[in-house]
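Chains, contacts and geometry: an overview
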Amino acid sequence: MDLDPEDVFKDDEDDEDSEFFQLRDSTKEFVVYLIDASPKMFTATCPGADGENETHFHIAVTSVAQALKTHIINNTYNEVAICFFNTKEKRNSQDLSGVFVFDVAEREHLDRPTARLIKEFGCVEESFAKEIGSQYGIVSGSWENSLYNALWVAQALLRKGSTKTAEKRILLLTNEDDPFRNISGIAKADMIRTTLQRAKDAQDLGISIELLPFSRPDEEFKVSIFYADLIGLEGDDLIEYMPSAGQKLEDMKNQLRKRMFAKRIVKRIKFVITNGLSIDLHTYALIRPTAPGAITWLDSVTNRPLKAERSFICADTGALMQGPLKRYQPYKNEDVKFSEEELREIKRVSTGHLRLLGFKPLSCLKDYHNLKPSTFVFPSDKEVIGSTCAFVALHRAMIRNQRFALAFYGLSTNPRLVALVAQEEIISDGGQFEPPGMHMIFLPYSDDIRDIEQARTSQLTTKRPAHRATEDHIQKAAALMKRIYLKDFSVCQFSNPALQRHYAVLQALALDEDEMPEIHDETLPDEEGMSRPAVAKAIQEFRTSVYGEDYDEADDKPRESEASKKRKAAAECVAQEYKNYDWEELADSGKLKDLTVVELKYYLAAQKLPLAGKKEVLISRILTHLGK
Amino acid sequence: MARNKEKMVMVLDVGPSMHAVLPEVEKLCTMLIEKKLIYHRADEVGFVLFGTEETDNELTNEVGGYEHVTVLRNMKVVDGDLVDGVQQLPRGTVRGDYLDAIVVGVDMLIKDYKVSFKGRKRICLITNAQCPVKDPDEGTKEDQVSMIAKQMDEKGISFETIVVRGLLSVGADKRTLEENDHLLNLFSIKASAKIVQVQNPCSLMGALRTRHISPVTIFRGELEISLKMKIKVWVYKKTAEEKFPTLKKYSDKAPPTDKFATHDVKVDYEYQSVEDPDKVVPPEQRIKGYRYGPQVVPISSAEWDAVKFKPEKGVKLLGFADASNVRRHYYVKDVNIFIAEPGDTRDTLAVSALARAMKEMNKVAIVRCVWRQGQQNVAVGVLTPNISENDNTADSFYFNTLPFIEDVREFQFPSFSNFPASWQPNDKQQEAADELVKMLDLAPSSKDDVLLPEFTPNPILERFYRFLELKSREADAAVPPLDGTLRRITEPDPELVAKNKYVLDKFRSSFEVKVNPKLKKSTQRVMEDNKAGGSDEEDGLLDAPPEALAVRSSDDTHVDEIGDSNPVQDFEAMISRRDSPDWIGKLLLSRPYQEINNSTALDCLEALRKGCIMEQEPKQYNDFLRECIDENKLGDHNIFSRFYRDLASKGLTLISKTEAPDRL
């Protein structure tokens, strides 16, 4: 609650961002993975990634393990539980047979995933037969129903928390499309009925049940036999279910590590359209560079967390300074002091409001009118009724007239001119690709724009018109462009290789994995594509057109500048001089102090040591380097 | 540092037709000097005025002529006196000849010549170019301009002209204007010169870079089209935010007698164990920890360095894409510019060919950039063509960084078409909006683009430097209001508003906007008060013209103390007046709570609470209340518990986050 005095001076970008990185647990997810461990899961196989056949059980376990690894980075506050059914051993709070809840120490059954869970789950297959064991849970002659039990255990695990704050899901992984095939008659009908009822009860509690079925190459998993009723599939959904389920499993394994952020209003702002008419807008951060997670400093001896305590000390007296400090700016031979309040006051211009100034054609918004990520604005009728209507009307009018609105945004830390660019909703593949609303683009002031073009021109010694490409050059360039064409390019098609590497390394170190994973860098150019004959030809033609036939890379060596020639000469001179002294001898006999600073620097320069400091410092540096 | 030094001559037209904009010229020059006093204290500046009644320059004395040109100040290192000099420029009485004045300026720079000086030499002319130049004794005016330009070029003087047009040139002789434009443009062919035209006083204040930053490349190397073809380019920053100055912390602990006190403040960090605050760990014993689920994984920097992502330096082309596929709002950072390496004409040609082809075909280039060796990340960005309109300037590219998948958050928003009918504008409303968008026009023609970023100065920085100057004269000066001319940046232009009154009124009457009555009382009150624009200073500025504000504040009866007859009103008057930022402090000093038995104290407290929520200053109230309670603890126990009960019954609890969300 206390105002940090530093805050006042902080760049607003910083505090805006730090706000985003705070995770809210309002929209977390509780997931129970129900993995079928019946013998059939171990016998049935399908071709794996490297061509060899893998058991369904193996695929299920690795998929879940992979999902956990992404979960822990993407949504670290999600809680998961892993549960096998059709097992020999049993472990669950209701003591139901055939169900085994897998867990590790220091963890509740349904809890945030931990490194230990991921690690131990990764090798569950090795000890599975010994510790958990596989057996059919539904056999004729017995009234045991392992599927029923599994659902019941899962439901009990998900009792935690309210459905309002968390989404609850059961993911069922199995290859048995007819779990009750071994029994018949009334017993079967009864079992089906109670199991379906169990599932319905769970669904009524707000728990969604999803099925991830495995098919054998020779035998398709038939959802219609039993599971369609369990998860409530009908009509067309039923037909499309199998292909989409296969995709889901793939997604689970190959999901990108990407931290998820809950949709959250950054600020509520008042948009003053004209005197006496203001509407209410909410701002959202749709695009913000993701930084690797925050650093927590630890004590390297105990690995316990540390907290930084900052104190201000007067350099003159050594006294501890308290409270908000004054600031000063040296000006005209004196220090002009400012209080914090004064500095705040300077920046205060129509605080928090967005004031419409007028409209301009979109062509007035140049490519270099940009400073930082844009902010998305969307109207809200919650506080001010009528906001949305006015916003929609303006939005439509701006798109129709191809204009953007210029407004002044009185952010308390950094008030700026902004361009409001209307964006129409774009739907592709059934998903919202671009939401409807306006993007607020922060514009530079004249102080922020540098006239590089002019500066460059004025550096030229002789005035002459700059070289312009001829029609032929342009045509060749255009032909090249058609060859190296990224069709359907979408802005966010690359993942950040540095960030992916960071996550991968973090995972490897956390899980004590032996080898460092290699991350594929998607941002490298497609060299294979570039060397295709047609492309290579287009490039060659453009090159010849501009650079001429005889242009050779060899005579293209970077020309040495005057400065670098001088530098080289100086280095050679130093090397020469350096040889003239017997440094070891001088050091041993303590005669270094008889040399001049210039002479001492021959040694330092030749050994590439720092040259700064007084003579004593230089001598001691030389001695240290010689190991004396 | 010598290279970064600058000798500059400001050549200012102070003739009668310029009088209207001289206040802005003064402000611009003041700002220039103020910034030089901070960032370039060794720079030398001279001032030449023309159009003055008198004549005072060396050339007149030496060769005669050059009338009505006055050297306000010879070349000299900037100092505080100069600020006074330019804040009140003399108003001239005659129509001056700018060529004469330029010659005087060039002469000053030439006479000041020193072999050792390696910095920049610059002449800046501000005029409305309405007065014809005299016919020279021999040759044509063009010849004369060529001669001056040649002279400038030889001496390495760059020349900048700001021509003030717009309202000022109404009624001016068209032929003269054209002739002068032609002559001034001649300069840019013969010498390194730049001419800008500004249409209004606000852009005049943004037309001159008041702080010089030498361009520095962030990358010199090759733009790899493929392994077989590389274009040598240099990359500079095109935009970079000029930040609010970071001020040093000041310590007043040193005794006033200590003449050598540095007044510096050292910031000291201590690392304590979270569990045991007494245990302090030396900085080198720390290790960075990263969250992995609920755990924190310690990773030393050596470990990181071994496995970190280390891309090779270079800029590689990934391909060309349709310009429409890269939406404007995806640009995430400040902008860079790619120019061909100076010298080799073939690289310039290659850049020019690509830029022009991109422009023609409406394509952009996607590139992957690693600017420095050892950089630990890559940037993927888009090159867009920048076709030069000036013959002397080569074509180039602008570079904007694009986000990665990880940086884009896919939040879903409802479609406008799914909104209920009451949220959809009807035809009349849509028409009103269309008209507003068309008529409230800031760029009626390509020449007349109001508030173009290139010519719009940062009003906050202007305010800071002005305040700095004021404070250097008078230590307890109050923060000055925003500059009148720069108000055009923060508020709509009253002229534009007046011109479009009909459109604006129509828009206002078409849309009914009201505060949601179902909202919680407290929030609603804040909204209403904001709407009324009564109490809040900024709102006053926004919703009422400044005159109205002045009238209202003078209407307020001056209340400084809480009287007996009407204590609560008095109290509220004090809150709402709020003329100085420390109003809360004053209120605290009046300490109504000292008479706790009196129920007025509670009423006042209620008013204070209300006021604090309105003013979004909950901290003051909360601190005050805590202080109150703390003091009471020490006092009579019975009174305290009664006071406490009364507080609770009136709902005078601490202000919660929901009531004042912005400040807690």
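A quick note: this is a predicted structure, and the numbers were derived from the prediction, not measured. (Residues numbered from 1 in each chain as written. Chains lettered and ligands numbered in written order. Predicted model: local features only at pLDDT ≥ 70, side-chain atom pairs only at ≥ 80, totals over all residues. Heavy atoms only, no water.)

1. Some words on the overall build of chain A
Helix and strand counts for chain A stand at 21 helices and 22 strands. Taking all contacts inside chain A whose residues are at least 6 apart in sequence as the whole, residues at least 24 apart take part in 67%. Accessible surface, chain A as shown: approximately 29,300 Å² in total, 50% of it carbon and sulfur. (Helix = DSSP H or I, 4+ residues; strand = E, 2+ residues; numbered from the N terminus. Contact = heavy atoms within 4.5 Å. Areas by Shrake-Rupley, 256 points an atom, 1.4 Å probe, with all protein chains shown as cover.)

2. Topic: the overall build of chain B
Scanning chain B for helices and strands turns up 22 helices and 19 strands. Scored against the burial criterion, the 664 residues of chain B give a buried share of 53%. Look at the contacts in chain B between residues 6 or more apart in sequence, and 72% of them connect residues 24 or more apart. (Buried < 20%, exposed > 50% of the residue type's maximum accessible area, 1.4 Å probe, protein only.)

3. Regarding the UniProt feature "domain: Ku" (unreviewed entry) in chain B
The positions UniProt marks with the feature "domain: Ku" (unreviewed entry) are residues 278-419 of chain B. As annotated, residues 278-419 of chain B has a helix share of 17% and a strand share of 35%, and its two end C-alpha atoms lie 59 Å apart. (UniProt positions renumbered as here; feature names shortened; annotations may be inferred.)

4. Some details on the interface of chain B and chain A
Counting from both sides, the interface comprises 225 residues of chain B and, opposite them, 218 residues of chain A. For the pair chain B and chain A, the interface holds eight salt bridges. Summed over the shared surface of chain B and chain A, the result is 72 residue pairs in polar contact (both at pLDDT 80 or more). Counting residues per element, the side of chain B that touches chain A draws most heavily on helix α9 (residues 345-361) of chain B, which supplies 14 residues. Here the residues of the side of chain B that touches chain A are counted per class, giving 111 nonpolar, 44 polar and 70 charged. (Salt bridge = Lys/Arg side-chain N within 4 Å of Asp/Glu carboxyl O. Polar contact = N/O pair within 3.5 Å; in protein donor to acceptor, adjacent residues only side chain to side chain. Nonpolar A, V, L, I, M, F, W, Y, C, P; charged D, E, K, R; others polar.)

5. Some details on the sheet that holds strand β10 (residues 265-273) of chain B
Spatially, four strands are ordered β12(A)-β11(A)-β10(B)-β11(B) in an open sheet, and the strand pairing comes out antiparallel. Either end of the sheet is taken by a strand with one partner, and the two such strands are β12 (320-321) of chain A together with β11 (280-281) of chain B. Bridge analysis of β10(B) against β11(B) gives two bridges, and the strand direction is antiparallel. Looking at β11(B), one finds that B:Tyr271 is bridged to B:Val281. (Pairing = 2+ DSSP bridges.)

6. Description of the packing of helix α11 (residues 340-347) of chain A against helix α11 (residues 459-473) of chain B
The relative placement of two packed helices comes down to the angle between their axes together with the axis-to-axis distance. Contact geometry of α11(A) with α11(B) gives a least axis separation of 9 Å together with a crossing angle of 140 degrees. In terms of axis orientation, α11(A) runs oblique to α11(B). Two secondary-structure elements touch here, α11(A) through A:Glu342, A:Leu343, A:Glu345, A:Ile346 and A:Lys347 and α11(B) through B:Ile460, B:Arg463, B:Phe464, B:Phe467 and B:Lys471. Partitioned by chemical class, the residues of the contact of α11(A) with α11(B) number five nonpolar, no polar and five charged. (Axes fitted to C-alpha atoms, helices over the stretch in contact; angles between N-to-C directions. Parallel < 35°, antiparallel > 145°, perpendicular 65-115°, else oblique.)

7. Here we look at the pattern of salt bridges
All names here are of chain B. This model, assessed by the stated rule, comprises 56 salt bridges over all chains. Measuring nitrogen to oxygen at the nearest pair gives 3.3 Å for the salt bridge that ties Arg-122 to Glu-160. Residue Arg-122 is located in strand β4 (residues 120-127), and its partner Glu-160 is located in strand β5 (residues 157-164); the two are separated by 38 residues in the primary sequence. Here the two residues Arg-122 and Glu-160 agree in accessibility, since each one is buried. Each of Glu-6, Lys-36, Asp-43, Arg-120, Arg-122 and Glu-160 takes part in a single network of salt bridges with overlapping partners.

8. Observations concerning helix α6 (residues 174-190) of chain B
Helical periodicity: at 3.6 residues per turn, an α-helix aligns residues three or four positions apart in one direction. Residues and elements named next belong to chain B. Helix length check: α6, at 17 residues, gives a terminal C-alpha distance of 25 Å against a target of 24 Å (1.5 Å per residue), a fit within 8%. Of the residues making up α6, those classed as buried are Thr-176, Leu-177, Asn-180, Leu-183, Leu-184, Leu-186, Phe-187 and Ser-188. As for α6, its buried residues are in contact with α4 (98-111), β4, α5 (141-155), β5 and β6 (193-198). (Expected span 1.5 Å × (residues − 1).)

9. What to know about the confidence of the model for chain B
Residue and element names in this part refer to chain B. Across chain B, the average pLDDT comes to 76, with 77% of residues at 70 or higher. The spread of mean pLDDT over the elements of chain B runs between helix α17 (residues 546-555), the lowest at 35, and strand β18 (residues 396-401), the highest at 92. Low confidence marks residues 524-565, where pLDDT is under 50. Its contacts with residues over four positions away, or in another chain, come to 62 contacts. Predicted confidence for residues 578-598 stays below pLDDT 50, and this span has 34 contacts to residues more than four positions away or in other chains. Across the predicted assembly, pTM comes out at 0.75 and ipTM at 0.76. (pLDDT = per-residue confidence, 0-100.)

10. Concerning the pairing of strand β8 (residues 267-274) of chain A
All names here are of chain A. Burial runs high along β8: six of the eight residues are buried. Between β8 and the antiparallel strand that follows it, strand β9 (residues 277-284), lie two residues; Gly-276 among them carries a positive phi value of about 85 degrees. Pairing between β8 and strand β15 (residues 353-361): three bridges, direction parallel. Its bridge partner being in β15, Phe-271 is matched across the sheet by Leu-354.

11. So, the sheet that holds β8(A)
Within a sheet, each strand pairs with its neighbour through backbone hydrogen bonds, oriented either parallel or antiparallel. Ordered by their spatial adjacency, seven strands build a closed barrel running β8-β9-β16-β22-β19-β18-β15 (chain A), and the pairing between neighbours is mixed. The sheet shows a mean angle of 40 degrees between the axes of neighbouring strands, direction not considered.

12. What to know about the nonpolar core
If you look at the biggest cluster of nonpolar residues, it comprises 139 residues, and the most contacted ones within it are A:Phe271, A:Leu354, A:Leu394, B:Met10, B:Ile126 and B:Ile366. Element by element, the count of residues in this core is highest for helix α1 (residues 22-39) of chain B, at nine residues. Residue contacts for A:Leu354: discarding those within four places in its chain leaves A:Ile269, A:Lys270, A:Phe271, A:Val272, A:Leu281, A:Ala407, A:Phe408, A:Tyr409, A:Val418, A:Leu420 and A:Met440. Counting 47 residues, the second largest nonpolar core, distinct from the first, contains A:Ile82, A:Phe100, A:Leu212 and A:Met252. (Core = buried A, V, L, I, M, F, W, Y, C linked by side-chain atoms within 4.5 Å.)

13. Details of helix α12 (residues 387-401) of chain A
All names here are of chain A. Helix length check: α12 (15 residues) gives 21 Å between terminal C-alpha atoms against 21 Å at 1.5 Å per residue, within 8%. Across the 15 residues that make up α12, a large majority, 11, are buried. Taken residue by residue, α12 has Ser-387, Thr-388, Cys-389, Ala-390, Phe-391, Val-392, Ala-393, Leu-394, His-395, Ala-397 and Met-398 as its buried positions. Among the residues trailing α12, Gln-402 stands out with phi positive, at a value near 55 degrees.

14. Quick word on the packing of aromatic side chains
Tallied over the full model, the rule gives 35 aromatic pairs over all chains. Their ring planes at 70 degrees and their centres at 6.1 Å tell us that A:Tyr148 and A:Trp152 sit as a pair that is edge-to-face. Residue A:Tyr148 and its partner A:Trp152 are both found in helix α7 (residues 146-157); the two are separated by four residues, about one turn of the helix. On the basis of relative accessible area, A:Tyr148 is assigned to the partly exposed category, the value being 21%. Measuring from ring centre to ring centre gives 5.9 Å for B:Phe219 and B:Trp371, while their planes differ by 65 degrees; the resulting arrangement is edge-to-face. (Phe/Tyr/Trp six-rings, centres within 6.5 Å; stacked < 30°, edge-to-face > 60°.)

15. Re the pairing of strand β8 (residues 230-237) of chain B
Residues and elements named next belong to chain B. Among the eight residues of β8, six are classified as buried, and the element is accordingly described as predominantly covered. The pairing of strand β7 (residues 217-224) with β8 spans seven bridges and is antiparallel. Bridged to Leu-223 within β8 is Ile-231. Counted between consecutive antiparallel strands, the loop separating β7 from β8 contains five residues. Here five bridges tie β8 to strand β15 (residues 336-340), and the two strands are oriented antiparallel to one another. Looking at the pairing, Val-235 lines up with Phe-338 of β15.

16. With respect to the side chain of B:Asp334
Positionally, B:Asp334 belongs in the loop between β14 (314-322) and β15. If near-sequence neighbours (up to four positions away) are discounted, B:Asp334 is found in contact with A:Asn370, A:Leu371, B:Lys237, B:Thr239 and B:Ala240.

17. Regarding the confidence of the model for chain A
Detailed reading of the predicted coordinates is not advisable wherever pLDDT is low. Of all residues in chain A, 87% attain a pLDDT of 70 or more, and the chain-wide mean is 79. Low pLDDT, under 50, characterises residues 1-26 of chain A; the stretch is placed with 57 contacts to residues that sit more than four places away or in other chains.

18. With respect to the packing of α1(B) against helix α3 (residues 80-87) of chain B
Residues and elements named next belong to chain B. Contact geometry of α1 with α3 gives a least axis separation of 8 Å together with a crossing angle of 170 degrees. Put simply, α1 runs roughly antiparallel to α3. From α1, Glu-26, Cys-29, Thr-30, Ile-33, Glu-34 and Leu-37 reach across to α3, where they touch Gly-80, Leu-82, Val-83, Val-86 and Gln-87. A breakdown of the residues in the contact of α1 with α3 according to their chemical character gives six nonpolar, three polar and two charged.

19. A short note on the environment of B:Thr217
For B:Thr217, the location among the structural elements is in strand β7. Spatially, the C-alpha atom of B:Thr217 lies 41 Å from that of B:Val133, the residues being 84 residues apart in sequence.

20. Points about the side chain of A:Asn145
All names here are of chain A. When you line up the elements, Asn-145 lands in the loop between α6 (124-131) and α7. Residue Asn-145 is classed as buried on the basis of its relative accessible area, which comes to 6%. At 2.8 Å, the side chain of Asn-145 forms a polar contact with the side chain of Thr-195. Not counting residues within four places of it along the chain, the set of residues in contact with Asn-145 comprises Gly-137, Ile-138, Phe-180, Met-191, Thr-194 and Thr-195.

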